[in-house]
Amino acid sequence: MVTIKEIAKAVGVSSGTVSRVLNYDQTLSVSEAKRQAIIETAEALNYATPRARKNALLPPLNIPMASHADVSAHVAIVHFLAPQEELVDPYYVGVRLGIEARCREYKIEIARVFNPDVPVDLAMLTGISATIVVGHHPRAEIEAMAKVCPHLIMADFNPRMPQFDCVRADLGEATTTILDSLEQAGYRRIGFVGGYELMDNDALMHGEQRCKAFIEWHEARGSYQPELMALGQSERFGQNLRLETGYQQAKSLLALDTPPDAIVAANDNMAIGTYRAIQEAGLSIPDDVAVVAFNDIPVAQFLNPPLSTMRIPGELIGEVAVDLLVERLNGRDYSKHVTLPTEMVWRGSARRPVRT
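Please read all numbers here as calculations on a predicted model, not as lab measurements.

Engineer: Just to check I follow, could you spell out unusual backbone geometry for this structure?
Structural biologist: For residues other than glycine, phi is negative in most cases, and the peptide bonds are mostly trans. A cis amide bond links I285 to the next residue, P286, at an omega of 5 degrees. Among the secondary structure elements, P286 is positioned in the loop between helix 11 (268-280) and strand 10 (290-295). Going from N304 to P305, the amide bond is cis rather than trans, its omega being -5 degrees. Inspection of the secondary structure assignment puts P305 in the loop between strand 10 and strand 11 (308-311). Its identity is not glycine, yet K107 carries a phi of approximately 60 degrees, on the positive side. In this structure K107 comes out as exposed when scored by relative accessible area, which is 65%. Residue N295 is not a glycine yet carries a positive backbone phi of 110 degrees. For N295, the location among the structural elements is in strand 10.

Next comes the structure, spelled out in structure tokens:
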């Protein structure tokens, strides 16, 4: 496991600076470039091990070396987060690092990167061989890009348009795994902190995978209670859920006459906000309230107590997106939908389930 000292040495800063950056200390005076270097280095050091493990266990792609000249064409990345937003969630830093690293292996040039600060200019996609679309994008935008770019690869998003390749984790199944484990560990009143999406200007209150799975799990047991579902509105379509949303929604759960004994947060950032709400209420984690989340960003292991979280392989999602792109450029004429496994990492924020 990577240590703060190792990250500090790699970036050339003190261990204290690394700790404060990873814990989102807003009082720290540090340049954005240095902050980004710390976050990217933390993610990269974590991601080297699963990358090496994948390369050791899986056979190489069945693509002739001679064809690499064909995949050196220019590609684009269309990201749903702006650079400053990406830093708030290092999970997406991992997705990007996976894309960049795999492109270097194939000698693919990333010609253009679009994000919400630089809207997609369809004219600039003309002549681009393929585009990797990261995160949630409106259907109309995807259809427009498909008209000018021959290949679109969806990373960490399934637009439910079967003609496009996509790679993601099954967050619904991961949510069910978490809930089963919490139930087995003795938790009986489980709350959920998340957000609802705006899809083509329509609010989908319970459409997000984790939220939907949470409801279905409880309904199957006849125990669904709407007041235990605390959802905040994203500031705009696709924007990552923020620490403040987790804080505010957790406060609403803790204010209930009978508060939950465990809270599932939609991602680690929301869990950080949840920690703050629990601590302000004078409660203890996990003695009074357990907290479990998703992503396993670097800061998760440094929280007090360390956060139990479902590890989602962001860097591998990025790598596989490039693998799919290469296959397309080498002639594959049918779509592929790839689901990568998640892994639960139990730490101090919740009791471990007892397996019988």
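Back to the write-up after that little detour.
Engineer: Just to check I follow, could you spell out the environment of F157 for this structure?
Structural biologist: With respect to the helices, strands and loops of the structure, F157 is situated in the loop between strand 4 (152-155) and strand 5 (165-169). Judged by its relative accessible area of 6%, F157 falls in the buried class. In sequence terms F157 and V134 are 23 residues apart; their C-alpha atoms lie 7.0 Å from each other. Beyond its immediate stretch of four places on either side in the chain, F157 contacts G135, H136, H137, I142, C166, V167 and R168.

Engineer: Looking at this model, I keep getting lost on the packing of aromatic side chains. Mind explaining?
Structural biologist: The relative placement of two aromatic rings is captured by the distance of their centres and the angle of their planes. In the structure shown here, the tally under the stated rule is three aromatic pairs. With a centroid separation of 5.0 Å and an interplanar angle of 65 degrees, the aromatic rings of F80 and Y92 are classed as edge-to-face. With F80 in the loop between strand 1 (75-79) and helix 4 (83-88) and Y92 in helix 5 (residues 90-106), this residue pair connects regions lying 12 residues apart in the sequence. By the burial criterion, F80 is buried, and Y92 matches it. Between the aromatic rings of Y91 and Y92, the centroid separation amounts to 4.9 Å while the plane-to-plane angle is 75 degrees, which identifies the pairing as edge-to-face. As far as the burial class goes, Y91 and Y92 line up, both buried. One aromatic cluster is present, formed by F80, Y91 and Y92 through successive ring pairs. Between the NZ or CZ atom of R276 and the centre of the ring of Y247, over which it lies, the distance is 3.7 Å. Across the ring face of Y187, the terminal group of R351 is positioned such that the distance to the ring centre comes to 4.0 Å.

Engineer: What exactly am I supposed to notice about the sheet that holds strand 4 here?
Structural biologist: In any sheet, the strands associate via hydrogen bonds between backbone groups, in a parallel or an antiparallel arrangement. Reading across the sheet, the six strands line up as 2-1-3-4-5-12 and stay open at both edges, with parallel pairing between neighbours. The open sheet has two free edges, formed respectively by strand 2 (110-114) and strand 12 (337-340), since each of these has just one partner strand. Neighbour-to-neighbour, the strand axes of this sheet turn through a mean angle of 15 degrees, independent of strand direction. Most of the contacts of helix 5 go to strand 3 (residues 130-134), to which it runs at about 160 degrees, and overall it touches strand 1, strand 2 and strand 3.

Engineer: Looking at this structure, how should I read the confidence of the model for the chain?
Structural biologist: Detailed conclusions should not be drawn from predicted coordinates in areas where pLDDT is low. Summary statistics for the chain give a mean pLDDT of 84 and a share of 84% for residues scoring 70 or more. Across the chain, strand 9 (residues 262-265) holds the top mean pLDDT of 98, while strand 7 (residues 202-204) sits lowest at 52. Counted against residues more than four places away or in other chains, residues 47-71, with its pLDDT under 50, gives 32 contacts. Note that pLDDT drops below 50 for residues 235-240; the model gives that stretch 22 contacts with residues more than four away or on any other chain.

Engineer: Quick question: what am I supposed to make of the pattern of salt bridges here?
Structural biologist: Side chains that differ in charge, positive against negative, can pair when their charged atoms come close. Across all of its chains, the model carries 16 salt bridges by this definition. R332 is the partner of D165 in a salt bridge, and the nearest nitrogen-oxygen pair spans 2.6 Å. In this pair, D165 is assigned in strand 5 and R332 in the loop between helix 12 (314-329) and strand 12, connecting sequence segments 167 residues apart. A relative accessible area of 0% places D165 in the buried class. Take R332: its relative accessible area is 9%, and that puts it in the buried class. A salt bridge links D296 to R311; the nearest nitrogen and oxygen atoms lie 2.7 Å apart. A residue pair is termed long-range when its members are at least 10 positions apart, and D296 in the loop between strand 10 and strand 11 and R311 in strand 11 qualify at 15 residues. Overall, D296 belongs to the buried group, its relative accessible area being 13%.

Thresholds, definitions, all that
Residues numbered from 1 in each chain as written. Predicted model: local features only at pLDDT ≥ 70, side-chain atom pairs only at ≥ 80, totals over all residues. Heavy atoms only, no water. Helix = DSSP H or I, 4+ residues; strand = E, 2+ residues; numbered from the N terminus. Buried < 20%, exposed > 50% of the residue type's maximum accessible area, 1.4 Å probe, protein only. Contact = heavy atoms within 4.5 Å. Phe/Tyr/Trp six-rings, centres within 6.5 Å; stacked < 30°, edge-to-face > 60°. Lys NZ or Arg CZ within 6 Å of the ring centre and 35° of its normal. Pairing = 2+ DSSP bridges. Axes fitted to C-alpha atoms, helices over the stretch in contact; angles between N-to-C directions. pLDDT = per-residue confidence, 0-100. Salt bridge = Lys/Arg side-chain N within 4 Å of Asp/Glu carboxyl O.

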